[in-house]
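# Structural overview
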Amino acid sequence: MLKDITLGQYFPGETVIHKLDPRTKILVMLAYIVVTFCVKNFYGYIALAAFVVVCVALSKIPPIFVIKGLRPIMVFIIITALFNLFLTSGTVVWQFGVLKITYEGIRFAVFMVLRLTFLILGTSLLTLTTSPISLTDGMETLLSPFAKIGLPAHELSMMMSIALRFIPTLMEETDKIMKAQAARGADFDSGNILSRAKAMIPILIPLFISAFRRADELATAMECRCYGVTENRTSLHELKFQKRDVGATIAFLVLVAVVAAINFIPSK
Amino acid sequence: MDNIIRTENLCFNYTDDETGETTCVLKDISLEIKRGEFIAVLGHNGSGKSTFAKHLNAILIPTSGKVWVGDIDTSDEKRLYDIRKMVGMVFQNPDNQMVANIVEDDVAFAPENLGVPREEIRKRVDTALAAVNMSEFAMHAPHMLSGGQKQRVAIAGVLAMEPEIIVLDEPTAMLDPNGRREIIETVKRLNKEKNMTVVMITHYMEEAVEADRVIVIDNGKIEMDAPPIEVFPKVEKMKSLGLDTPQATELAFLLKKNGFDIDSNVLSVGECADKIEQLWKRVMTND
Ligand SMILES: Nc1ncnc2c1ncn2[C@@H]1O[C@H](COP(=O)(O)OP(=O)(O)OP(=O)(O)O)[C@@H](O)[C@H]1O
Ligand SMILES: [Mg+2]
């Protein structure tokens with residue numbers, strides 16, 4: 001069940017999207033996040049949707065796989081939507097005691113859902129199409145100018161890549177622990193939130209202990225492989241901007257232009 | 001043949017932070033390891049095998065005594081990385097030794113750390129993966145591999161440093177029988193074909209039998225240091241150290257103990273069967 005979580009996972013492939021320079025993808029993704037927050041009306045989301053659909057199609061990742069990335073944060077999206085729905089003041093559409101839904105509330109809630117959905121879809125597309133190593137290589141190169149002012153660019157990217165490397169391992173382990181506890185009668189699916197949270201404790205403790213042990217062993221193994229010998233680390237991969245990176249940037253700028261133009265269309 | 005590792009009265013004490021008590025984990029270990037040797041290290045749990053292994057690449061420094069790798073004293077901090085580069089180390093849990101999400105990136109980790117130029121890294125990665133028969137998995141994600149495959153990637157990861165000796169701390173402990181066979185065959189091949197010096201800690205006697213030399217550590221001291229054929233037939237001594245012997249050796253030993261006139265210096269099932277056959281023939285002709 002935990003294996004269904006696709007957020008942060010890499011889906012190997014040989015498509016244009018996969019082959020884009022990670023720096024291009026990271027920068028475009030950051031700009032894309034900004035764009036999702038700048039969209040002012042529903043047409044803008046249609047433009048975003050078109051952009052995401054084209055990217056997914058080009059990347060040849062099964063759409064269902066991308067959508068599954070939304071599952072782990074579904075609860076968060078729903079809660080945010082509910083808050084917006086009930087707590088926005090304005091023209092009342094429906095009222096029951098203290099609960100009221102306003103026209104503005106509906107509008108905000110829908111916007112919030114769309115915004116978060118596109119945010120996650122876009123960012124998960126980055127991790128789905130970029131191998132963690134090239135992702136961190138890209139991050140490291142982008143951050144390296146800041147290393148001069150004391151930003152530990154390499155360390156940050158190393159931490160990132162190790163975190164990503166251990167996601168599947170720790171998930172497998174969580175699954176194993178949950179099954180072991182369930183076999184002894186633990187119940188994770190019933191009761192109220194509090195009792196469910198309590199049921200998680202016997203999972204989290206062994207998980208943490210094992211994570212610390214793993215971290216310790218990994219540190220030793222890395223030392224044994226000469227991690228930290230030289231400042232001038234080399235890399236198996238070379239980052240080079242290609243024509244396709246220019247193409248991708250132009251395509252994205254078109255999206256920005258379209259969204260900006262659409263923002264002038266009055267909604268309603 | 002020259003010695004690649006030499007220890008002289010190696011002692012290691014461990015001080016408990018809370019009680020302040022000092023325990024002696026390794027006591028007065030002096031030995032020499034020759035280039036190209038395949039050594040198995042045996043000992044029951046907590047006897048100090050891992051602690052010994054960690055002295056071979058300067059993860060631990062002796063409390064007293066000396067360890068030399070080539071002609072480098074491991075307590076010489078300036079040469080730390082020369083030592084690490086010469087002595088590759090593989091651990092029990094393959095999952096906890098991998099840093100990257102793609103096999104070839106993981107293998108490239110050590111040469112990247114050493115600042116090896118890109119074309120050279122490429123060559124080393126390809127050679128290392130070929131040496132452990134994992135070339136076709138270069139682009140796979142480690143968590144999709146079997147235990148034996150992961151452990152072979154871990155071995156490739158240290159081979160990419162081009163070490164002169166590899167130390168394996170119970171590399172097969174977490175593997176199924178297939179995985180175990182893969183690892184032992186890989187290690188034996190590296191030893192035979194590339195003349196790699198191998199020090200392998202193991203709990204499996206069937207694996208130790210493959211070595212040129214067996215070192216038995218008990219309670220931080222070397223109890224035995226001899227070829228397998230001299231170590232294993234001492235079944236009672238091994239039992240007293242909390243160790244098993246290969247089943248074939250034990251069978252021959254028990255036959256002898258029960259009054260049969262059999263040569264109990266055997267290690268494999270085949271040898272044991274031969275001896276029993278000889279015994280049988282002798283018994284038949286005497287009748
Ligand atoms: N850092 C440490 N903290 C606590 N105890 C330690 C430490 N290092 C060594 N020891 C103790 O030293 C002894 C030897 O440990 P070591 O791990 O070398 O044994 P081992 O022969 O590898 O055992 P195993 O077969 O279980 O791997 C153990 O009793 C262990 O408790
Ligand atoms: Mg050990």
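Going by the structure above, here's the rest.
About the thresholds
- Residues numbered from 1 in each chain as written.
- Chains lettered and ligands numbered in written order.
- Predicted model: local features only at pLDDT ≥ 70, side-chain atom pairs only at ≥ 80, totals over all residues.
- Heavy atoms only, no water.
- Helix = DSSP H or I, 4+ residues; strand = E, 2+ residues; numbered from the N terminus.
- Contact = heavy atoms within 4.5 Å.
- Polar contact = N/O pair within 3.5 Å; in protein donor to acceptor, adjacent residues only side chain to side chain.
- Buried area = accessible area lost by both parts, 1.4 Å probe.
- Salt bridge = Lys/Arg side-chain N within 4 Å of Asp/Glu carboxyl O.
- Nonpolar A, V, L, I, M, F, W, Y, C, P; charged D, E, K, R; others polar.
- Pairing = 2+ DSSP bridges.
- Near = heavy atom within 4 Å.
- Phe/Tyr/Trp six-rings, centres within 6.5 Å; stacked < 30°, edge-to-face > 60°.
- Buried < 20%, exposed > 50% of the residue type's maximum accessible area, 1.4 Å probe, protein only.
- Lys NZ or Arg CZ within 6 Å of the ring centre and 35° of its normal.
- Expected span 1.5 Å × (residues − 1).
- Bend = angle between axes of the 7 residues up to and from the residue.
- Core = buried A, V, L, I, M, F, W, Y, C linked by side-chain atoms within 4.5 Å.

### Describing the environment of His18 of chain A
Residues and elements named next belong to chain A. Mapping His18 onto the fold places it in helix H1 (residues 16-19). For the pair His18 and Ser59, spaced 41 residues apart in sequence, the C-alpha to C-alpha distance is 6.7 Å. The contact partners of His18, leaving out residues within four places of it in the chain, are Tyr10, Phe11, Pro12, Gly13, Lys25, Ser59, Ile61, Leu128 and Thr129. Within the structure, the side chain of His18 is placed 2.7 Å from the side chain of Thr15, a separation counted as a polar contact.

### Points about the interface of chain B and chain A
At the junction of the two partners, chain B supplies 36 residues and chain A supplies 33 residues. Roughly 3200 Å² is buried in total at the junction of chain B and chain A, and carbon and sulfur atoms are behind 55% of that figure. The three residues of chain B that bury the most area against chain A are Asn96, Asn113 and Arg118 of chain B, which together make up 22% of that side's buried surface. Linking Arg233 of chain A and Glu112 of chain B is a salt bridge whose minimum nitrogen-to-oxygen distance equals 3.3 Å. Summed over the shared surface of chain B and chain A, the result is 18 residue pairs in polar contact (both at pLDDT 80 or more). No other element matches the 10 residues that helix H3 (residues 103-113) of chain B contributes to the side of chain B that touches chain A. Taken together, the residues of the side of chain B that touches chain A sort by class into 18 nonpolar, nine polar and nine charged.

### Looking at the sheet that holds strand E2 (residues 22-34) of chain B
Judged by pairing direction, the sheet is antiparallel, and its four strands sit side by side in the order E2-E1-E4-E5 (chain B) without closing on themselves. Where the open sheet ends on each side, the last strands, each with one partner, are E2 and strand E5 (72-73) of chain B.

### Overview of the environment of Tyr43 of chain A
All names here are of chain A. Along the chain, the position of Tyr43 falls in helix H3 (residues 42-59). Measuring from C-alpha to C-alpha, the distance between Tyr43 and Val258 comes to 9.8 Å, with 215 residues separating the pair along the chain. Aside from chain neighbours lying at most four places away, what touches Tyr43 is Ile262 and Ile265.

### Some remarks on the site of ligand 1
Residue and element names in this part refer to chain B. Neighbouring residues of ligand 1: Tyr14, Val25, His44, Asn45, Gly46, Ser47, Gly48, Lys49, Ser50, Thr51, Glu170 and His203. One of the side-chain N or O atoms of Thr51 is found 2.4 Å from an oxygen atom in ligand 1. If one sorts the elements of the shell around ligand 1 by residue count, helix H1 (residues 49-56) sits on top with three residues. Residues that form the shell around ligand 1 fall into these classes: two nonpolar, eight polar and two charged.

### Overview of the packing of aromatic side chains
If you walk through the whole model with that rule in mind, you get nine aromatic pairs over all chains. Taking the centre distance of 5.5 Å and the plane angle of 90 degrees together, the rings of Tyr45 of chain A and Phe111 of chain A count as edge-to-face. Pair noted here: Tyr45 of chain A is in helix H3 and Phe111 of chain A is in helix H6 (residues 103-129), with a separation of 66 residues, a long-range link. Residue Tyr45 of chain A shares its accessibility class with Phe111 of chain A, and that shared class is buried. Between Trp94 of chain A and Phe96 of chain A the ring centres are 6.5 Å apart and the planes differ by 20 degrees, which places this aromatic pair in the stacked class. Residue classification places Trp94 of chain A among the partly exposed positions, given a relative accessible area of 43%. Three or more aromatic residues joined by ring pairs make a cluster, and in this case those are Phe42, Tyr45, Phe111 and Phe118 of chain A. Its guanidinium or amino end placed over the ring of Phe166 of chain A, Arg165 of chain A lies 4.3 Å from that ring's centre, counting from NZ or CZ. A cation over an aromatic ring shows up here: Arg6 of chain B above the ring of Trp68 of chain B, its NZ or CZ 4.4 Å from the ring centre.

### Points about helix H9 (residues 193-224) of chain A
If you check H9 of chain A, its first and last C-alpha atoms are 45 Å apart, about what 32 residues at 1.5 Å a residue would give, namely 46 Å. Maximal helix bending in H9 of chain A amounts to about 30 degrees, located at Pro202 of chain A. Listing the buried residues of H9 of chain A in full gives Ala199, Ile203, Leu207, Ser210, Arg214, Leu218, Thr220, Ala221, Met222 and Cys224 of chain A. Those residues of H9 of chain A that are buried are in contact with helix H8 (153-183) of chain A together with helix H2 (80-86), strand E6 (87-90) and H3 of chain B. One or two steps after H9 of chain A, the chain reaches Cys226 of chain A, where phi turns positive at roughly 65 degrees.

### With respect to the pattern of salt bridges
Summed over the entire model, instances satisfying the criterion amount to 30 salt bridges over all chains. Each member of the salt-bridge network shares a partner with another, and the members are Arg165 of chain A together with Asp95 and Lys150 of chain B.

### Describing unusual backbone geometry
Residues and elements named next belong to chain B. Notably, Glu170 is not glycine yet its phi reads approximately 45 degrees, a positive angle. Secondary-structure assignment places Glu170 in the loop between strand E7 (165-169) and helix H6 (177-193). Within the chain, Asn195 stands out as a residue other than glycine whose phi angle is a positive 55 degrees. Residue placement: Asn195 occurs in the loop between H6 and strand E8 (197-201). The partly exposed category is assigned to Asn195, whose relative accessible area is 47%.

### Observations concerning the nonpolar core
All names here are of chain B. Of all hydrophobic cores here, the largest spans 53 residues; its most connected members are Leu42, Val107, Ile155 and Val216. Here this core gets six residues from one element, more than from any other, and that element is helix H5 (residues 147-159). Listed in part, the 31 residues of the second largest apolar core include Ile39, Ile83, Ile215 and Ile217.

### A closer look at the pairing of strand E4 (residues 64-69) of chain B
Residue and element names in this part refer to chain B. In the sheet, strand E1 (residues 3-15) pairs with E4 via five bridges, with the strands oriented antiparallel. Across the sheet, Ile5 pairs through a bridge with Val69, a residue of E4. Across two bridges, the pairing between E4 and E5 is antiparallel. Bridge pairing in E5 places Trp68 opposite Asp73. Counting the residues between successive antiparallel strands, the hairpin from E4 to E5 contains two residues, one of them, Gly70, with a positive phi of roughly 60 degrees.

### What about the pairing of E7 of chain B?
Residue and element names in this part refer to chain B. Most of E7 is tucked away, with five of its five residues classed as buried. With burial as the criterion, each face of E7 is covered, one bearing Ile165, Val167 and Asp169 and the other bearing Ile166 and Leu168. In terms of strand pairing, E6 meets E7 through four bridges, oriented parallel. Bridge pairing in E7 places Gly88 opposite Ile166. Two strands pair when backbone bridges link them, and E7 and E8 are joined in this way by five bridges, in the parallel orientation. Residue pairing for E8: Leu168 is matched across the bridge by Met200.

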